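Each chain, letter by letter, is given below.
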Amino acid sequence: MSTHSKTAPHRKPLPQKPGPRAARIGDMLRVDHAGEYGAVAIYRGQRAVFEKLPHKARTAKLLEEMEAGEAHHLETFDRLLAERKVRPTLLSPFWNAAGFGLGAATALMGEKAAMACTEAVEDVIEKHYAEQIEELGETEPELQETVRQFREDELEHKNTAEDEGAREAPGYRLLSAAIRLGCRAAIRVAEKV
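Residues numbered from 1 in each chain as written. Predicted model: local features only at pLDDT ≥ 70, side-chain atom pairs only at ≥ 80, totals over all residues. Heavy atoms only, no water.

**Student:** Help me understand the pattern of salt bridges, please; the structure alone is not making it clear to me.
**Tutor:** Two side chains that carry opposite charge are able to pair once their charged atoms sit near each other. Scanning all chains against the criterion turns up 18 salt bridges. We note a salt bridge from lysine 61 to glutamate 64, for which the minimum N-O separation is 3.8 Å. With a gap of 3 residues between them, lysine 61 and glutamate 64 both fall in helix H2 (residues 57-84), about one helical turn apart. You can call glutamate 64 partly exposed: its relative accessible area is 36%. With a shortest N-O distance of 2.8 Å, aspartate 123 and lysine 158 are connected by a salt bridge. (Salt bridge = Lys/Arg side-chain N within 4 Å of Asp/Glu carboxyl O. Helix = DSSP H or I, 4+ residues; strand = E, 2+ residues; numbered from the N terminus. Buried < 20%, exposed > 50% of the residue type's maximum accessible area, 1.4 Å probe, protein only.)

Shown next as structure tokens:
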């Protein structure tokens, strides 16, 4: 006879009691939602360029697949914000415009620049998710597992971008550093605003 109990059916999480821990979880969810919102916008901007170029159909399809993963993440964070009664960032219109602009601009620079953008963004996000996984510890196992799964997806996107020549982009170091800096700044702002 097994000593392990059966897995409990998935239940809607109980609302958190107000306090510093609930506020911190709210900050995490807000910034994760904003990040996924921005990521979808970046891919939309890149696809807007590449889909108009028949000889770039392969790249457009690859970006579409990565965007679908980010859209799934965004839907999950939409649900979690509603369940936890956490307001989204007030800067969503800005993230939408900035993300789309960054995506379109890097795509206009070429496929390798678009992949350098993906590599830089995903590098920052996967590290951010790793920090959250550590911080969540055992207090939020379901949320921790969600973030862990999404981190794996981000690593896969980063690896794909590297395989597609991200580091061969003209001005890679400068482009990558600027995008990473922007992502880290966006994380700090989105936690509170």
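**Student:** What's the story with a nonpolar patch on the surface in this structure? I'm lost.
**Tutor:** A cluster of nonpolar residues, Leu90, Val189 and Val193, forms a patch on the protein surface that exposes about 240 Å² of accessible area. With respect to the secondary-structure elements, valine 193 resides in the segment after helix H6 (172-192). Looking at valine 193, the relative accessible area reads 34%, which means it is partly exposed. (Patch = residues over 30% accessible without salt bridge, like charges linked within 9 Å, V, L, I, M, F, W, Y side chains within 5 Å. Areas by Shrake-Rupley, 256 points an atom, 1.4 Å probe, with all protein chains shown as cover.)

**Student:** How should I be thinking about unusual backbone geometry in this particular structure?
**Tutor:** A negative phi holds for most residues other than glycine; trans holds for most peptide bonds. The backbone of lysine 85 sits at a positive phi, close to 55 degrees, despite the residue not being glycine. Residue placement: lysine 85 occurs in the loop between H2 and helix H3 (92-109). By relative accessible area, which is 72% here, lysine 85 ends up exposed.

**Student:** Help me out: how do you make sense of the nonpolar core in this one?
**Tutor:** When a protein is soluble and globular, its nonpolar side chains tend to lie buried together. Counting residues in hydrophobic clusters, the biggest one holds 44 residues, and the most contacted among them are Leu29, Met115, Val121, Leu143 and Ile179. Among the elements of the structure, helix H1 (20-50), H2, H3, helix H4 (111-136), helix H5 (141-163) and H6 are those that each provide at least two residues to this core. When near neighbours in sequence (up to four residues on either side) are disregarded, leucine 29 contacts Phe77, Leu80, Leu81, Arg84, Val86 and Leu143. (Core = buried A, V, L, I, M, F, W, Y, C linked by side-chain atoms within 4.5 Å. Contact = heavy atoms within 4.5 Å.)

**Student:** Got a minute to help me understand the side chain of glutamate 36 in this structure?
**Tutor:** By the secondary structure assignment, glutamate 36 is in helix H1. For glutamate 36, the contacting residues outside a window of four places in its chain are Glu70, His73, Leu74, Phe77, Tyr129 and Glu154.

**Student:** Please explain the side chain of threonine 59 as it appears in this structure.
**Tutor:** For threonine 59, the location among the structural elements is in helix H2. Discounting residues that sit within four places of it in the chain, threonine 59 has contacts with Phe50, Glu111 and Met115.

**Student:** Help me out: how do you make sense of the packing of H3 against H4 in this one?
**Tutor:** Packed helices, taken two at a time, are described by the angle between their axes plus the distance between the axes. Contact geometry of H3 with H4 gives a least axis separation of 5 Å together with a crossing angle of 140 degrees. The orientation of H3 relative to H4 falls into the category oblique. The two elements H3 and H4 cross, and the hand of that crossing is right-handed. Together, Leu102, Thr106, Ala107 and Met109 of H3 and Ala113, Ala114 and Cys117 of H4 make up the contact between the two elements. Looking at the contact of H3 with H4 residue by residue, the classes come out as 6 nonpolar, 1 polar and no charged. (Axes fitted to C-alpha atoms, helices over the stretch in contact; angles between N-to-C directions. Parallel < 35°, antiparallel > 145°, perpendicular 65-115°, else oblique. Left-handed = near helix turned anticlockwise from the far one by under 90°. Nonpolar A, V, L, I, M, F, W, Y, C, P; charged D, E, K, R; others polar.)

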